Amino acid sequence: MRFLCDAVFPQTLSSEAPAGVELVRWDGSDVSDVEFVRASGERGYRGVILWGRGSLRQADLRAIARESGVALVAVEADDPIDAKQRILKNLSGLRRQLDEHDCLIVLANKVCPVEDLTC
């Protein structure tokens, strides 16, 4: 399973992913969230991982993600290092949830589907 991660995440995220999961950190130019999601779909990623849930409130971003077949994953954390740890800790839950949901939030100890952003 392949994910494209926002450039805010530490570069070490890619090398710390377990077998069967590819976490690629965006290394392109500074682009909008919509362009980032479109690029991930065009490159065949299963989802994008963003820091913070603010992006999930963008209706146009969610629509583009659905059109592109890309899941949106937001990590709720105080800083990018903490976010990286939460991703790695919750990868199995993330993979399970993606079977049923296309918009998720990764918290400290769980992964939640985003229905109304109250998770």
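Everything numeric here is computed off the predicted structure, so don't read it as measured data.

Moving on, we get to the nonpolar core. One finds Leu4, Phe36, Val37, Val48, Leu56, Leu61 and Leu72 to be the most contacted residues of the largest nonpolar core, which totals 21 residues. Within the residue set of this core, elements represented by two or more residues are α2 (33-42), β3 (47-51), α3 (59-68), β4 (71-75) and β5 (103-106). The greatest single-element share of this core, amounting to 4 residues, is contributed by α2. Setting aside its immediate chain neighbours within four residues, Val48 contacts Leu4, Phe36, Val37, Ser40, Val70, Ala71, Leu72 and Val73. With 20 residues, the next largest nonpolar core counts Leu13, Ala17, Leu23 and Val111 among its residues.

Judged from the 4 bridges that link them, strand β1 (residues 2-5) and strand β2 (residues 22-25) form a sheet pairing that is parallel. When the bridges of β2 are listed, Phe3 appears paired with Leu23. Relative to β3, β1 runs parallel, the two sharing 3 bridges. Within β3, the position partnered with Leu4 by the bridge is Val48.

Under the defined criterion, the tally for this structure stands at 1 cavity of 30 Å³ or more. Volume-wise, the largest cavity comes out at about 30 Å³. Contributing to the lining of the largest cavity are Arg62, Ala65, Arg66, Val70, Leu72, Asp102 and Cys103. Tallying contributions element by element places α3 first for the lining of the largest cavity, with 3 residues. Residue classes in the lining of the largest cavity are distributed as 4 nonpolar, no polar and 3 charged.

Reading the values: the criteria
Residues numbered from 1 in each chain as written. Predicted model: local features only at pLDDT ≥ 70, side-chain atom pairs only at ≥ 80, totals over all residues. Heavy atoms only, no water. Core = buried A, V, L, I, M, F, W, Y, C linked by side-chain atoms within 4.5 Å. Buried < 20%, exposed > 50% of the residue type's maximum accessible area, 1.4 Å probe, protein only. Helix = DSSP H or I, 4+ residues; strand = E, 2+ residues; numbered from the N terminus. Contact = heavy atoms within 4.5 Å. Pairing = 2+ DSSP bridges. 1 Å grid on protein atoms, 1.4 Å probe; cavity = no way out; pocket = protein on both sides within 12 Å on 5 of 7 lines; lining within 4 Å. Points joined across faces, edges and corners; volume = space filled by probe spheres on them. Nonpolar A, V, L, I, M, F, W, Y, C, P; charged D, E, K, R; others polar.

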